[in-house]
Amino acid sequence: MKKKQKKFIIKVDTSTALMLLVFTGLIFSCRKPVEEENTDYQFNKVYEPIIDSILKQLTLEEKIAMLHGNGKFTSAGVERLNIPELSYTDGPNGVRAELERHSWKELNLTTDSATFFPTGTALAATWNTKLAYKYGAGIGLETRAREKDVLLGPAVNIIRTPVCGRNFEYFTEDPWLNSQIAVGYVKGVQNQDVAACVKHYAANNQEYERSRISVEMSDRALHEIYLPVFKATSEEADAYSMMGAYNKFRGIYLCQNDFLNNKILKNEFGFKGIVISDWGATHNTVEAAMGGLDVEMGTRGTDYDNNYMGLPLRDSVLAGIVPMEVINDKVKRILRVIYNTKKMDPSRKKGEFTTQRISNIAYEIASEAIVLLKNENNLLPLNQNEVKSIAIIGQNAVQPQSFGGMTASVKAKYEVSPLEGIKKKVGDKIILKYAPGYEPNYEKEPEGSHVYPVNEPNQELIDEAVQLAKESEVVILLAGTNRDVETEGQDRRDIQLPFGQNELIKSVTEANKNTIVVVVAGAACDINLPAETAPAMLWSWYNGSEAGNALADVLFGDVNPSGKLPFTIPKKLEDVGAHALDAYPGKDLAVKYKEGILVGYRWFDTKQIEPRYPFGFGLSYTDFDYKQLSISKAEGKINIMVTLENSGKVKGKETVQCYIQDTESSVMRPAKELKAFTKTELKPGEVKTVSLSINKEDLAYFNETNEKWTFEPGEFKVMVGSSSRDIRLEEVINLK
Ligand code: BGC
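First, a word on what this report is: a plain description of the structure on this page. This structure is a prediction, so every number in the text was calculated from the model and none was measured.

**Digging into the overall build of the protein chain**
Reasoning step 1: The number of helices and strands found in the protein chain is 20 helices and 28 strands.
Reasoning step 2: The C-alpha atoms of the protein chain give 26 Å as radius of gyration, which agrees with the globular expectation for 736 residues (27 Å, within 12%).
Reasoning step 3: With respect to the three principal axes, the spread of C-alpha positions in the protein chain is 85 × 80 × 60 Å.
Reasoning step 4: Residues counted as buried form 62% of the 736 residues belonging to the protein chain.
Reasoning step 5: Partitioning the contacts of the protein chain with sequence separation of at least 6, the portion at a separation of at least 24 is 77%.
Reasoning step 6: Side-chain charges in the protein chain split into 89 positive and 99 negative, and the spacing between the mean points of these groups amounts to 6 Å.

Structural data, given as structure tokens:
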């Protein structure tokens, strides 16, 4: 007999109904995945007449007040006209904890613990521009929810040397990959009605003496390697702001550098947003005002009026030294950011904070970032039903990686460590035991404030780890650096794995032949030893709140790794161009980029130096066969089609990379230059045709004789492959 169903009738009035509707809408929108919106990435022209009319109403004092900080992370609007102030936050891999308005002290709130996104190199290792967009959208949502207007990221400086302390924040050694990832990030942020701040403009590639050093380089290196990302984020994503770097370029501070800020960025690239100084990077009133700086940030005390761009600037205007048009241009730019982030518009997006869908973004990026470097005898993925015991060794199995490294530090709402992630995954199916194996120890510089890791092994901890390794079927050894080793404000002294980890790795890999080494680091390290002794190796980055979950899914095969290295891992530091030429860290407060355009793999490939692992490298649990290459030319474009087959047994994602060599050129060209890539997923047995396209003008070089990009007709070699050193198909084409 059918049971009569009871009916529940709840009576609601209209206002409750409306609230419910809004609430369910909110829940629904927070669950929806964040997809790229079809937006025209332009400053909206409708605001321009409004901005012009506001400008006419402003007094000189009101204008000047807008050009510098009025708090550590705020700059003034115009109260009289109800124009609100701008509020800034770090960036670039999570929204920073709340600080006191007038000091660097944290407020210790219980409401500001944010999502920790995988740091820069991890994002770049996904080689996935859609994920770059989602990253920006995720962090943009949290920035809005925290009522901030400007997110101080992405950090995009080129990785010139592995020892730069901030490499983990940055993306890559390659200008093309850099631009693609940065453009996605900026669009994602700005679609949440938040301004991105692309930093640090420009040529800020080391922390050593960063506030005094002058960078010298050729025009060619500047245009081909160091500027493209700033051009791309300005032209393709209409970045609302850029941050001037601490250092000098050709003897002139970057926040006061007329050549780079006015001539190149604002005039040549058509940048319409604001140049903000790095915190405390302004040194002179007139030079800053005339040198293209729009907003001075980061004074030491609270005497904001006496900032370089405060009353001294007003006086320079009154004295006729700085023209009023220069001030007006800056104010217009600031108003443009205020209007385009919809600060006064009730329809401005509200953002959301640490929601499930933001965690999902962090997870998705983390899982696509992990790079499989080695996998002898298919040791990976591990089978949960076969393995009985695992030793988890290495302090990085439990070390939080969200905190430290100075301004990129994130007070994370949660961070799943590798140990937690693996535990959660295997439950009590597998016996898991942990031994730290090494101990992070530091020493202070005898004179100075820097703290460096000590490279002493701890024999007791090694013995304990070896014992555990012997008793266990499999070892997962979490090695690498941490956020005290890689940090803003100082470079590493070398690329050794710190704290005596080599001794640990050597002993453990001898004790257990099934040792998987997982490197947790943001920048290249010397991994020669594990590359030789461990049968399997993964690179797992500072991989955000979901790091441990993503790693566990890769280790046990729920995720097939698809990350590719965004930088070269050298066999030794001296193999890197800047070091081989003794062009780091510079002498007498100047550093000459003697390697010119030969940065990263451009150096290794042109000079035929064997790296430990090349740029673009990353294995998979499946195999991809590159079958057929066909190239056609049409209207200034080169269209490349590659047939790709997943010839293995599991689905997987492959990044098809296209490198170009100009084989006939009147100037030196690198052996290889990345000009296109695309990431695609294939089921086992699936065959797909992948298309890539290159604009002919992207094959030009920067001609130093006439200071113009020059395309030379002739032969070009098109190389398509799975990494910069694993070219599967190539063809020589002739371009007119
Ligand atoms: C860093 C910037 C950061 C700023 C504000 C500086 O030390 O170089 O990247 O955004 O501080 O915290």
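**Examining the pairing of strand β28 (residues 726–735)**
Successive side chains on a regular strand alternate, one facing one side of the sheet and the next facing the other.
Reasoning step 1: Here nine bridges tie strand β27 (residues 714–723) to β28, and the two strands are oriented antiparallel to one another. Bridge pairing in β28 links Glu 715 to Asn 734.
Reasoning step 2: The hairpin formed by β27 and β28 contains two residues between the paired strands.

**Things to note about the packing of helix α15 (residues 459–471) against helix α16 (residues 501–511)**
Reasoning step 1: As a packed pair, α15 and α16 sit with axes 9 Å apart at the nearest point and diverge in direction by 25°. The orientation of α15 with respect to α16, classified from their angle, is roughly parallel. Here α15 runs over α16; the crossing is right-handed. Side by side, α15 and α16 meet where Ile 462, Ala 465, Val 466, Ala 469 and Lys 470 of the first sit next to Glu 503, Leu 504, Ser 507, Val 508 and Ala 511 of the second.
Reasoning step 2: A breakdown of the residues in the contact of α15 with α16 according to their chemical character gives seven nonpolar, one polar and two charged.

**Some thoughts on the environment of Trp 127**
Reasoning step 1: With respect to the helices, strands and loops of the structure, Trp 127 is situated in the loop between α4 (120–125) and α5 (129–145).
Reasoning step 2: Linking Trp 127 and Asn 178, residues 51 residues apart in sequence, is a C-alpha distance of 9.8 Å.
Reasoning step 3: Not counting residues within four places of it along the chain, the set of residues in contact with Trp 127 comprises Leu 177, Lys 564, Leu 565, Pro 566, Phe 615, Gly 616, Thr 655, Gln 657, Tyr 659, Leu 674, Phe 677 and Lys 679.
Reasoning step 4: Polar contacts involving the side chain of Trp 127 include one to the main-chain carbonyl oxygen of Lys 564, which spans 3.0 Å.

**What about the nonpolar core?**
Reasoning step 1: Of all hydrophobic cores here, the largest spans 153 residues; its most connected members are Tyr 88, Ile 390, Ile 476 and Ile 516.
Reasoning step 2: When sequence neighbours within four positions are dropped, the list of residues in contact with Tyr 88 reads Phe 73, Thr 74, Ser 75, Lys 148, Val 150, Leu 152, Ile 276, Trp 279, Val 295 and Met 297.
Reasoning step 3: Counting 43 residues, the second largest nonpolar core, distinct from the first, contains Ile 393, Ile 462, Val 517 and Ala 531.

**Quick notes on the sheet that holds strand β21 (residues 637–646)**
Reasoning step 1: With respect to topology, three strands assemble into an open sheet ordered β20-β21-β24, the strand pairing being antiparallel. Both outer strands of the open sheet, β20 (624–634) and β24 (687–695), are each paired with one neighbouring strand and no more. Pairwise comparison of adjacent strand axes, ignoring direction, gives a mean angle of 20° for this sheet.

**What about the site of the ligand?**
Reasoning step 1: Neighbouring the ligand are 15 residues; Asp 90, Arg 166, His 200, Asp 278 and Glu 488 lie closest to it.
Reasoning step 2: A distance of 2.9 Å separates an oxygen atom of the ligand from a polar atom in the side chain of Lys 199.
Reasoning step 3: For the ligand, the accessible surface in isolation is 310 Å², of which the surrounding protein chains cover 98%.
Reasoning step 4: Here the residues of the shell around the ligand are counted per class, giving six nonpolar, two polar and seven charged.

**Remarks on the sheet that holds strand β16 (residues 474–480)**
Reasoning step 1: The six strands are arranged β11-β18-β17-β16-β12-β13 in an open sheet whose pairing can be described as mixed. Looking at strand neighbours, the two that pair on one side only are β11 (371–375) and β13 (431–435), the edges of this open sheet. The mean inter-strand angle of the sheet, taken between neighbouring strand axes irrespective of direction, is 15°.
Reasoning step 2: Of the pairings in the sheet, the one linking β16 to strand β17 (residues 515–520) comprises six bridges and is parallel in character. Each residue of the ladder has a partner; that of Ala 479, found in β17, is Val 519.
Reasoning step 3: On top of the sheet, helix α14 (residues 418–426) reaches β12 (389–393), β13 and β16; it is set at about 170° to β13, its chief contact.
Reasoning step 4: In the packing of helix α18 (residues 547–555) onto the sheet, contacts are made with β16, β17 and β18 (536–539), and the angle to β18 comes to roughly 150°.

**Looking at α14**
Reasoning step 1: Buried within α14 we find Pro 418, Leu 419, Gly 421, Ile 422 and Val 426. Angular distribution of buried residues about the axis of α14 spans 165°; they occupy a single face of the element.
Reasoning step 2: In this fold, the buried residues of α14 make contact with β12, β13, β16 and α18.
Reasoning step 3: Remark: Gly 427 follows α14 within two positions and exhibits a positive phi of approximately 55°.

**Thoughts on the environment of Thr 74**
Reasoning step 1: Locating Thr 74 in the fold gives a position in strand β2 (residues 74–75).
Reasoning step 2: Using a relative accessible area of 9% as the deciding quantity, one classes Thr 74 as buried.
Reasoning step 3: Sequence separation between Thr 74 and Ala 550 is 476 residues; the distance between their C-alpha atoms is 36 Å.
Reasoning step 4: Discounting residues that sit within four places of it in the chain, Thr 74 has contacts with Gly 69, Glu 85, Leu 86, Ser 87, Tyr 88, Arg 101 and Met 297.
Reasoning step 5: At 3.3 Å, the side chain of Thr 74 and the backbone nitrogen of Gly 71 are in polar contact.
Reasoning step 6: Of note is the side chain of Thr 74, whose polar atom sits 3.4 Å from the side chain of Arg 101.

**What to know about the packing of aromatic side chains**
Reasoning step 1: By the definition in use, this model includes 24 aromatic pairs.
Reasoning step 2: With centroids separated by 5.7 Å and ring planes inclined at 55°, the aromatic side chains of Trp 539 and Trp 541 adopt a geometry described as tilted. Each of the two residues, Trp 539 as well as Trp 541, counts as buried.
Reasoning step 3: An aromatic cluster of at least three residues, connected via ring pairs, comprises Trp 127, Tyr 601, Phe 615, Tyr 659 and Phe 677.
Reasoning step 4: In this structure, Arg 493 is placed above the aromatic ring of Tyr 452, and the distance from its NZ or CZ to the ring centre is 3.9 Å.

**Examining the side chain of Glu 595**
Reasoning step 1: Checked against the element boundaries, Glu 595 lands in the loop between β19 (590–592) and α20 (601–606).
Reasoning step 2: Glu 595 gets classed as buried once you look at its relative accessible area, which sits at 5%.
Reasoning step 3: If sequence neighbours within four positions are ignored, Glu 595 has contacts with Arg 160, Tyr 226, Gly 577, Ala 578, Leu 581, Ala 583 and Trp 603.

Cut-off values and rules
- Residues numbered from 1 in each chain as written.
- Predicted model: local features only at pLDDT ≥ 70, side-chain atom pairs only at ≥ 80, totals over all residues.
- Heavy atoms only, no water.
- Helix = DSSP H or I, 4+ residues; strand = E, 2+ residues; numbered from the N terminus.
- Rg over C-alpha atoms; globule rule 2.2 N^0.38 Å.
- Buried < 20%, exposed > 50% of the residue type's maximum accessible area, 1.4 Å probe, protein only.
- Contact = heavy atoms within 4.5 Å.
- Lys, Arg positive; Asp, Glu negative; His and termini not counted.
- Charge placed at Lys NZ, Arg CZ, Asp CG, Glu CD.
- Pairing = 2+ DSSP bridges.
- Axes fitted to C-alpha atoms, helices over the stretch in contact; angles between N-to-C directions.
- Parallel < 35°, antiparallel > 145°, perpendicular 65-115°, else oblique.
- Left-handed = near helix turned anticlockwise from the far one by under 90°.
- Nonpolar A, V, L, I, M, F, W, Y, C, P; charged D, E, K, R; others polar.
- Polar contact = N/O pair within 3.5 Å; in protein donor to acceptor, adjacent residues only side chain to side chain.
- Core = buried A, V, L, I, M, F, W, Y, C linked by side-chain atoms within 4.5 Å.
- Near = heavy atom within 4 Å.
- Areas by Shrake-Rupley, 256 points an atom, 1.4 Å probe, with all protein chains shown as cover.
- Arc of directions from axis to C-beta.
- Phe/Tyr/Trp six-rings, centres within 6.5 Å; stacked < 30°, edge-to-face > 60°.
- Lys NZ or Arg CZ within 6 Å of the ring centre and 35° of its normal.

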